[in-house]
Each structure stands twice: as structure tokens, then as C-alpha cells.
Amino acid sequence: MQLDDALSLIREIPDFPLPGILFKDITPLLGDAQALSLVTNSLIGDPSAFTHIVGIEARGFILASAMAARAEKGFIPLRKPGKLPHATISKSYGLEYGSDALEAHIDSIAPGCKIIIVDDVLATGGTLIAAIEIAHDLGAEIVEVVVLFEINALQGRQRILEKYPNISVRAVVTD
Ligand code: AMP
């Protein structure tokens, strides 16, 4: 299997979770051992460049934990509100469907940590901008933002780069 074969396992579900949304369903890819392994390696990129992997709830957790285990890096969760038990920092953001917020434990990212931020899909960019803001506030050095799938038409990359022109945004596949 090649990386392209793995990526072809991502399927599109129309009108989920709301009418008009074309949902990128990565579960067939996750269920295939070879595909998961190929995609995990591709997402990791250069493991010598970072110390920790920040994953975004919920599908970002799946990819980020696989990457952290493979690359032998620490995993840091960014969670939906009210899930983390210790003191948190929080940022709210707009979504392709609805709005939400992300939280991190205030002591989860030590100042000077070299992190990469991982999610499954880049759509409008709001989620990743909130993640970048949290990482900045906690004093991390963001080496790269990486997603499995970038929905080009929703211009998330442009939105991120308008605010953070120096951040590297990488997608394994773009439509
Ligand atoms: P955004 O903040 O608009 O870039 O949205 C990205 C977040 O929403 C990611 O955490 C994705 O899991 C989820 N998401 C947004 N749009 C889609 C989509 N069409 N298919 C799958 N997930 C999506």
C-alpha cells in the first residue's frame, strides 16, 4: 500500500452532522493497519524537530496519540470545555458548524517546549487558531501545525496565515 491508497480510504458523508456539510470520515482509514501506519509516519514529518505533540479533541486525539507513541514524544490534549480536572486556559472559536471552545491545563505545556499541533481536518481554521493561541499563551514554540485533510475551499490556511504568517501549516492531503 502507498500513502495515496491510504488516503483514498477517507470517505465523504454528505449532510453530516448538518445539511450542507460534506463530512470527511477517517474511520475506514483508521481501521486499516497499513493505512494508519503510513498516515501516522507522514503526519510526524521530522521527529527531531519537536518535543511534544498537541492533539485536538476528538479526532485529533486519535492521530496525535498514534504519532506520539510512534515518535516517542509526549502527548498534550486540548479538550472541549469542562473536561479537564485541573486549572485550565480556554479559547473560544467559530466552527464550520456551530461554535465551541478548547481548553488546556495551564501546566500542560512548559514554556520553551517545541510542539506540533495536530487535527484531522482543517476547514475554516477557527479550531487551529484557538489551539495556536493557547500554545502561544503557555509559551510553547510551535514548530508546525499539521492536519490529515485540508478543505481548500474553506480557506482555513489563509485565515491562520493572516494572523500567524510565520507558522508552518502542513496537510497530508488537500482537496
Ligand atoms: P475548523 O475550525 O472550521 O477548521 O474545523 C475543524 C474542526 O472541525 C476539526 O476538529 C474537524 O474535526 C472538524 N470539521 C470541520 N469540518 C469538517 C468536515 N467537513 N469533516 C470532518 N470534520 C470537520
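Thresholds applied
- Residues numbered from 1 in each chain as written.
- Predicted model: local features only at pLDDT ≥ 70, side-chain atom pairs only at ≥ 80, totals over all residues.
- Heavy atoms only, no water.
- Helix = DSSP H or I, 4+ residues; strand = E, 2+ residues; numbered from the N terminus.
- Buried < 20%, exposed > 50% of the residue type's maximum accessible area, 1.4 Å probe, protein only.
- Axes fitted to C-alpha atoms, helices over the stretch in contact; angles between N-to-C directions.
- Parallel < 35°, antiparallel > 145°, perpendicular 65-115°, else oblique.
- Left-handed = near helix turned anticlockwise from the far one by under 90°.
- Contact = heavy atoms within 4.5 Å.
- Nonpolar A, V, L, I, M, F, W, Y, C, P; charged D, E, K, R; others polar.
- Salt bridge = Lys/Arg side-chain N within 4 Å of Asp/Glu carboxyl O.
- Core = buried A, V, L, I, M, F, W, Y, C linked by side-chain atoms within 4.5 Å.

*Asks:* Quick rundown of unusual backbone geometry? Include the residues and the values.
*Replies:* Omega for the peptide link from Phe16 to Pro17 comes to -5°, which places this bond in the cis form. Turning to its location among the elements, Pro17 is positioned in the loop between strand E1 (11-14) and strand E2 (22-25). Following Glu57, the chain continues into Ala58 via a peptide bond in cis, with omega recorded as 0°. Tracing the sequence through the fold places Ala58 in the loop between strand E3 (52-56) and helix H4 (59-71). Despite not being glycine, Asp15 shows a phi value in the positive range, around 60°. We classify Asp15 as partly exposed; its relative accessible area is 49%. Although it is not a glycine, Gln155 adopts a positive phi angle of roughly 60°. With respect to the helices and strands, Gln155 occurs in the loop between strand E8 (141-150) and helix H6 (156-163).

*Asks:* Kindly report on the packing of helix H5 (residues 126-137) against H6, identifying the contributing residues and their values.
*Replies:* Relative to each other, H5 and H6 sit at 30°, their axes nearing to 9 Å. With respect to H6, the axis of H5 lies roughly parallel. Along this stretch, H5 crosses H6, giving a crossing that reads as right-handed. Residues Leu128, Ile129, Ile132 and Glu133 of H5 form the contact with H6, whose own contacting residues are Arg159, Ile160 and Lys163. When the residues that make up the contact of H5 with H6 are grouped by side-chain class, the tally is 4 nonpolar, no polar and 3 charged.

*Asks:* Residue-level account of the pattern of salt bridges, with values.
*Replies:* Within the structure shown, the criterion is met by 9 salt bridges. Its salt-bridge partner being Arg79, residue Glu57 comes within 3.0 Å of it at the nearest N-O pair. Of this pair, Glu57 sits in the loop between E3 and H4 while Arg79 is found in the loop between strand E4 (74-78) and strand E5 (88-94), placing the two residues 22 residues apart along the sequence. Taking relative accessible area as the criterion, Arg79 reaches 23% and is therefore assigned partly exposed. Between Arg170 and Glu144 there is a salt bridge, and its shortest N-O distance comes to 2.9 Å. Placement of the pair is Arg170 in strand E9 (residues 169-174) and Glu144 in strand E8, with a sequence separation of 26 residues. Taking relative accessible area as the criterion, Arg170 reaches 21% and is therefore assigned partly exposed. Among the charged side chains, a salt-bridge network with shared partners connects Glu12, Lys24 and Asp175.

*Asks:* Describe the nonpolar core, and please don't skip the residues or the numbers.
*Replies:* One finds Ile109, Ile115 and Ile117 to be the most contacted residues of the largest nonpolar core, which totals 30 residues. Counting only elements with at least two residues in this core, the list comes to E3, E4, E5, strand E6 (99-105), strand E7 (114-122), H5, E8 and E9. With near-sequence residues (within four places) excluded, Ile115 lies in contact with Phe50, His52, Val54, Ile109, Ala135, Ala140, Glu141, Ile142, Val143 and Glu144. Membership of the second largest hydrophobic core comes to 26 residues, among which are Phe50, Leu63, Ala71 and Phe149.

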